[in-house]
Amino acid sequence: MTVYESVLHPTSIVEELKKNKFTHVVWLPDSETNFMYQLLTNEPDLDLVPVCREGETMAIAAGLWVGGKKPVVLIQNTGIFESGDSIRGLALDVHQPLVMLIGYRGWSRHGLTNDSAARFIEHILHAWGITYFLIETDDDADRISLAAEEADRTQKPVAVLVGSEFGA
Amino acid sequence: MINNTDAVRLLDSKRNGAVIVPTMNAGNVRMGLPSVSTHDELDFPLSGCMGKASSVGLGLALAHPERKIMVLDGDGSLLMNLGTMVTVSNKAPDNLIHFLFDNGIYAVTGGQPVPGAGQADWKLLAEGAGYAATFSFDNLEDLTTSIDQVLAAKGPVFVHLVVEPEIDNTPVQFRAPARRTVHTAIKKLPEAIGRG
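Here the structure is a predicted model, which is why all the values come from computation and not from measurement. (Residues numbered from 1 in each chain as written. Chains lettered and ligands numbered in written order. Predicted model: local features only at pLDDT ≥ 70, side-chain atom pairs only at ≥ 80, totals over all residues. Heavy atoms only, no water.)

A. Structural context of the interface of chain B and chain A. The interface is formed by 29 residues belonging to chain B together with 23 residues belonging to chain A. In total, about 1,900 Å² of surface goes out of reach between chain B and chain A, with carbon and sulfur atoms giving 67% of it. For the interface between chain B and chain A, the tally reads 1 salt bridge. D47 of chain A is the partner of K91 of chain B in a salt bridge, and the nearest nitrogen-oxygen pair spans 2.8 Å. Viewed at the interface, chain A and chain B are joined by 5 residue pairs in polar contact (both at pLDDT 80 or more). Considering every element that reaches the side of chain B that touches chain A, the biggest residue donor is helix α2 (residues 53-63) of chain B, with 7 residues. Along the lines of polarity and charge, the residues of the side of chain B that touches chain A split into 14 nonpolar, 12 polar and 3 charged. (Contact = heavy atoms within 4.5 Å. Buried area = accessible area lost by both parts, 1.4 Å probe. Salt bridge = Lys/Arg side-chain N within 4 Å of Asp/Glu carboxyl O. Polar contact = N/O pair within 3.5 Å; in protein donor to acceptor, adjacent residues only side chain to side chain. Helix = DSSP H or I, 4+ residues; strand = E, 2+ residues; numbered from the N terminus. Nonpolar A, V, L, I, M, F, W, Y, C, P; charged D, E, K, R; others polar.)

B. Inspection of the pattern of salt bridges at higher detail. Inspection of the entire model under this criterion finds 18 salt bridges over all chains. Measuring nitrogen to oxygen at the nearest pair gives 2.9 Å for the salt bridge that ties D12 of chain B to R15 of chain B. Considered together, D12 of chain B and R15 of chain B belong to a single accessibility category, that of buried residues. D168 of chain B serves as the salt-bridge partner of R30 of chain B, at 3.9 Å between the closest nitrogen and oxygen. Here R30 of chain B is found in the loop between β1 (19-22) and α2, whereas its partner D168 of chain B is found in the loop between β7 (157-162) and α7 (182-193), with 138 residues between them in sequence. It is possible to trace a salt-bridge network through shared partners that takes in E15, K18 and E43 of chain A. (Buried < 20%, exposed > 50% of the residue type's maximum accessible area, 1.4 Å probe, protein only.)

C. Summary view of the layout of surface pockets. By volume, the second largest pocket amounts to about 290 Å³. Taken together, 20 residues line the second largest pocket, and the ones lying closest to its centre are W65, K69, K70, P97 and D152 of chain A. Of all the secondary-structure elements, those providing two or more residues to the lining of the second largest pocket are α3 (55-66) and α7 (143-154) of chain A together with α7 of chain B. Considering each element in turn, the lining of the second largest pocket owes the most residues, 3 residues, to α7 of chain A. When grouped by side-chain class, the residues that make up the lining of the second largest pocket number 12 nonpolar, 4 polar and 4 charged. (1 Å grid on protein atoms, 1.4 Å probe; cavity = no way out; pocket = protein on both sides within 12 Å on 5 of 7 lines; lining within 4 Å. Points joined across faces, edges and corners; volume = space filled by probe spheres on them.)

D. Geometry of the sheet that holds strand β4 (residues 99-103) of chain A. Residue and element names in this part refer to chain A. Judged by pairing direction, the sheet is parallel, and its 6 strands sit side by side in the order β2-β1-β3-β4-β6-β5 without closing on themselves. Looking at the sheet topology across the chains shown, the edges are occupied by β2 (47-50) and β5 (132-135). When strand polarity is set aside, the average angle formed by the axes of neighbouring strands in this sheet is 20°. Bridge analysis of strand β1 (residues 24-27) against strand β3 (residues 71-76) gives 4 bridges, and the strand direction is parallel. Paired with H24 across the bridge in β3 is P71. (Pairing = 2+ DSSP bridges. Axes fitted to C-alpha atoms, helices over the stretch in contact; angles between N-to-C directions.)

E. Highlighting the state of the cysteines. By the definition in use, this model includes 0 disulfides over all chains. Free cysteine C52 of chain A: the closest other cysteine sulfur is in C49 of chain B, separated by 17 Å. According to the relative accessible area criterion, C52 of chain A is partly exposed, its value standing at 36%. (Disulfide = S-S within 2.5 Å.)

F. A look at the sheet that holds strand β6 (residues 133-137) of chain B. Residues and elements named next belong to chain B. The 5 strands lie next to each other as β1-β2-β3-β7-β6, forming an open sheet whose pairing is parallel. Looking along the sheet, the strands with just one partner apiece sit at the ends: β1 and β6. Across the sheet, the axes of successive neighbouring strands diverge by a mean angle of 15°, strand direction being ignored. Here strand β2 (residues 69-74) pairs with strand β3 (residues 96-102) via 6 bridges, running parallel. Residue pairing in the sheet places M70 in a bridge with I97 of β3. Helix α5 (residues 122-129) contacts β3, β6 and β7 of the sheet and is inclined by roughly 175° relative to β6. Along the sheet, helix α6 (residues 140-152) contacts β2, β3, β6 and β7; its crossing angle with β6, the most-contacted strand, is approximately 170°.

In structure tokens form, the structure reads like this:
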């Protein structure tokens, strides 16, 4: 029997970010992104902008975007709930083509989850009319390119839900 | 105390090509920057952004390190996004000047005091957060005589201004419309400052 490795490596994400010419990663680390942090701090093409609270990310991204840069936001789904007014006012209202990578805490494709962070996130994105993609393995990583194209095409924020923890 | 309009008029007169990001009373159509601006093509007005003016200003400052970015914040606003002071200090853009218009009240909701009004030490908070330079002024004369030194300091700079509490709680639908809005700025500012 052939066993396929279904892992999402941070290198796959970073390569997608570089391929799409993102310039800044505005982020607040979550428990799933430690390997990503180590990679990003050593990546000269991507400037890390750490924040204290997730609602700052869309606003900083708005300034970067108006200034001609191409930021991406990287936070957890719990941070999306905290960021509601920033998403409303500084992403949706101003038509910011922002890609938001969102750690999908609590996600399981194997059954029900008790984590309300997972249960509510897709409903919230639907309510805002935000298109989203799900990535769980390296094979899915190119959906970040799809998200970037969709954000540019619609001039709206687009979410990428990261449904698995990063492998080393 | 410093009159709100006197403060924005002075800062506008000294902007020298700076992008100004005003919010709340500093961006008020009747008494804020829009009432005196001589270069509104470089203004990025934000109303009702719930404390995020300094965050937007940080993004602009990182995108355009060659250009001064002046954020005109409110105390109620900054209290909503206090972590921004550490976020700004951590990235340490030397072209960012963060002015705080401290009137002690929520001016657009009827003048209720903000938490810690007259008690919180804003200059000390900024020093503790790690701003490269901090100033505090409670009268126009001192601000006027020191403004060149303030603007020459290596940033990020934090400038606490004690301003007169002026209440403007006219319902939004009855207020004079702004000539330049955030939507205008997003469309036009990139042409004015170029791509970073």
